[in-house]
Amino acid sequence: MDTLINIRTFLAVARSGSFSAAGRHLGVAPSVVTKRISRLEDEMRVKLFVRSTRQLILTEVGERYLPRYQSLVKEIDDAISGAAAVAQRIEGHLRIKAPTTVTIAFLARILSDFQQENPNVTMDLALVDRSVNPAEEGYDIALGALPASYSNVIDEPLCPYPRKLCAAPSYLESRGIPKHPRDLVNHICLTFHATGSTWSFLSAGGPIDVEVRSAFSANDTQILHDLALRGRGIAMVASYVAEESIRTGKLIELMPDYPVAELWLKALIPQTQARKPSVRAVMDWLKVHMHASLVSGDRPGRNAASLL
């Protein structure tokens, strides 16, 4: 490394014609330039400059080595800049874990669109309906909304996962309409495995947690949505799952003054993978397009999404 610095100094002196001018260009004192040139000459066992009080000129050996050193330094600089470019290039293979139904609904399309924009990236998408430690199971990214966290793994939020409380008109006609979250203890509730039977709501006075009586539990919100449509109970499901049924009157949204506490879809990323350009690029892509699908309503179809 010292030799390379000395060679760069030699080139600066040859270009500028003086030690002081080279020092100004390199940001060092002229004495430092003098020492570097002396060290290079000692290493080469030749004189590179003829020094006088009036001028500084290259020796015959200096003239001969000047283009060789220029070529050498350019090759090194090109290699360094090329390595940096490769390090920032969006390419390589990504292993991603994702929930089954959310992937079928729109995540597969989102990832496919990303790959079309970045053809040097290949993907292995595993549909796994449980929380996993991506560092232990070999994933670059594990998507989900469960609260699980792991050591040496970064939790990175992607977008909100809004949900609605709803029931069919037939159920409400027979059991009545709850007006307050505490009224739910007297109702038949359809619960999601991952979030359990403690339902959380927001109010002007702060959050309200209610322990409901679960008549049926499943690990897929499509099942809960379908059961709610059949009048089997009150369900808490993803907003985009229920919105069409609510719009057509097949389901009734309950207690809009007490909105369901928001979940967040997140990515679990091993710390060793967090700075990979391909990981950063797909994360930026997901943050934009998952938000559009889950929150803004820009999505195809009306499939359900699990949270695991």
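Everything numeric in this text was worked out from a predicted model, so none of it was measured.

**Student:** Tell me about the overall build of the protein, and name the residues and values.
**Tutor:** From N to C terminus, the protein includes ten helices and 14 strands. Taken over C-alpha atoms, the radius of gyration comes to 33 Å for the protein, far larger than the 19 Å a tight globule of 308 residues would show. Its C-alpha atoms put the protein at 105 × 40 × 35 Å along the principal axes. Among the 308 residues that make up the protein, the fraction classed as buried is 43%. A separation threshold of at least 6 residues defines the contact pool for the protein, and within that pool the share at least 24 residues apart is 75%. Here the protein displays about 15,800 Å² of accessible surface, and carbon together with sulfur accounts for 51% of that area. Of the charged side chains in the protein, 35 are positive and 32 negative; the average position of the first set lies 5 Å away from that of the second.

**Student:** Mind laying out the packing of helix H8 (residues 221-229) against helix H9 (residues 239-247), listing which residues take part and the relevant values?
**Tutor:** The geometry of H8 relative to H9 is characterised by a closest axis approach of 10 Å and an angle of 20° between their N-to-C directions. Between H8 and H9, the angle is such that the two are roughly parallel. The crossing of H8 and H9 is right-handed. Contact residues: Thr 221, His 225 and Leu 229 in H8; Val 241, Ala 242 and Ser 245 in H9.

**Student:** Residue-level account of the packing of aromatic side chains, with values.
**Tutor:** Applying the stated criterion across every chain yields a total of six aromatic pairs. An angle of 55° between the planes, with centres 5.5 Å apart, marks the rings of Phe 10 and Phe 49 as tilted. Pair noted here: Phe 10 is in helix H1 (residues 2-16) and Phe 49 is in strand S1 (residues 49-51), with a separation of 39 residues, a long-range link. Take Phe 10 and Phe 49: they sit in the same class, and that class is buried. Consider the rings of Phe 106 and Tyr 240, whose centres lie 5.4 Å apart with planes at 65°: the pair is edge-to-face. You can see Phe 106 sitting in helix H5 (residues 100-117) and its partner Tyr 240 sitting in helix H9, a full 134 residues away along the chain. Its relative accessible area of 1% is what places Phe 106 among the buried residues. Tyr 240 sits in the buried class, given a relative accessible area of 2%.

**Student:** Could you give me a rundown of helix H3 (residues 30-44), with the residues and numbers involved?
**Tutor:** One turn of an α-helix holds 3.6 residues; hence residues three or four places apart share an orientation. Here H3 is 15 residues long and its end C-alpha atoms lie 21 Å apart, about the 21 Å a rise of 1.5 Å per residue gives. Among all positions in H3, only Val 33, Arg 36, Ile 37, Leu 40, Glu 41 and Met 44 are buried. On an axial view of H3, the arc spanned by its buried residues comes to 135°, and they lie on one face. Residues of H3 that are exposed and point more than 90 degrees away from the buried face comprise Lys 35, Arg 39 and Asp 42. In the segment just after H3, Arg 45 is the residue with positive phi, at about 60°.

**Student:** If you had to explain the pairing of strand S8 (residues 189-192) to someone new, which residues and values would you point to?
**Tutor:** Covered by surrounding structure in S8 are Cys 189 and Thr 191 together with Leu 190 and Phe 192, the residues of both alternating faces. Pairing of S8 with strand S11 (residues 214-218), which is carried by four bridges, proceeds in the parallel orientation. Residue pairing for S11: Leu 190 is matched across the bridge by Phe 216. Bridge analysis of S8 against strand S12 (residues 234-238) gives two bridges, and the strand direction is parallel. Each residue of the ladder has a partner; that of Leu 190, found in S12, is Ala 235.

**Student:** Before we move on, could you go through the pairing of S12 and cite the residues and values that matter?
**Tutor:** In terms of burial, S12 is largely enclosed, as five of its five residues are buried. Sheet topology places strand S7 (residues 163-167) next to S12; four bridges connect them, and they run antiparallel. Considered in S12, the bridge of Leu 165 is made with Met 236.

**Student:** Quick one: what's the story with the side chain of Thr 59, residue by residue and with numbers?
**Tutor:** Structurally, the position occupied by Thr 59 is in the loop between strand S2 (56-58) and helix H4 (60-88). Of the residues examined, Thr 59 reaches a relative accessible area of 13% and is grouped as buried. Of the polar contacts made by the side chain of Thr 59, one reaches the backbone oxygen of Lys 47; its length is 2.7 Å. Within the structure, the side chain of Thr 59 is placed 3.0 Å from the backbone nitrogen of Gly 62, a separation counted as a polar contact. The residues contacting Thr 59, other than those within four sequence positions of it, are Lys 47, Leu 48, Phe 49 and Val 50.

**Student:** Help me get a handle on a nonpolar patch on the surface, residues and values and all.
**Tutor:** Taken together, the side chains of Ile 104, Leu 125 and Leu 127 present a nonpolar region at the surface, about 260 Å² in accessible area. In this structure, Leu 125 sits in strand S4 (residues 121-127). The class of Leu 125 is partly exposed, set by a relative accessible area of 31%.

Cut-offs applied
- Residues numbered from 1 in each chain as written.
- Predicted model: local features only at pLDDT ≥ 70, side-chain atom pairs only at ≥ 80, totals over all residues.
- Heavy atoms only, no water.
- Helix = DSSP H or I, 4+ residues; strand = E, 2+ residues; numbered from the N terminus.
- Rg over C-alpha atoms; globule rule 2.2 N^0.38 Å.
- Buried < 20%, exposed > 50% of the residue type's maximum accessible area, 1.4 Å probe, protein only.
- Contact = heavy atoms within 4.5 Å.
- Areas by Shrake-Rupley, 256 points an atom, 1.4 Å probe, with all protein chains shown as cover.
- Lys, Arg positive; Asp, Glu negative; His and termini not counted.
- Charge placed at Lys NZ, Arg CZ, Asp CG, Glu CD.
- Axes fitted to C-alpha atoms, helices over the stretch in contact; angles between N-to-C directions.
- Parallel < 35°, antiparallel > 145°, perpendicular 65-115°, else oblique.
- Left-handed = near helix turned anticlockwise from the far one by under 90°.
- Phe/Tyr/Trp six-rings, centres within 6.5 Å; stacked < 30°, edge-to-face > 60°.
- Expected span 1.5 Å × (residues − 1).
- Arc of directions from axis to C-beta.
- Pairing = 2+ DSSP bridges.
- Polar contact = N/O pair within 3.5 Å; in protein donor to acceptor, adjacent residues only side chain to side chain.
- Patch = residues over 30% accessible without salt bridge, like charges linked within 9 Å, V, L, I, M, F, W, Y side chains within 5 Å.
- Salt bridge = Lys/Arg side-chain N within 4 Å of Asp/Glu carboxyl O.

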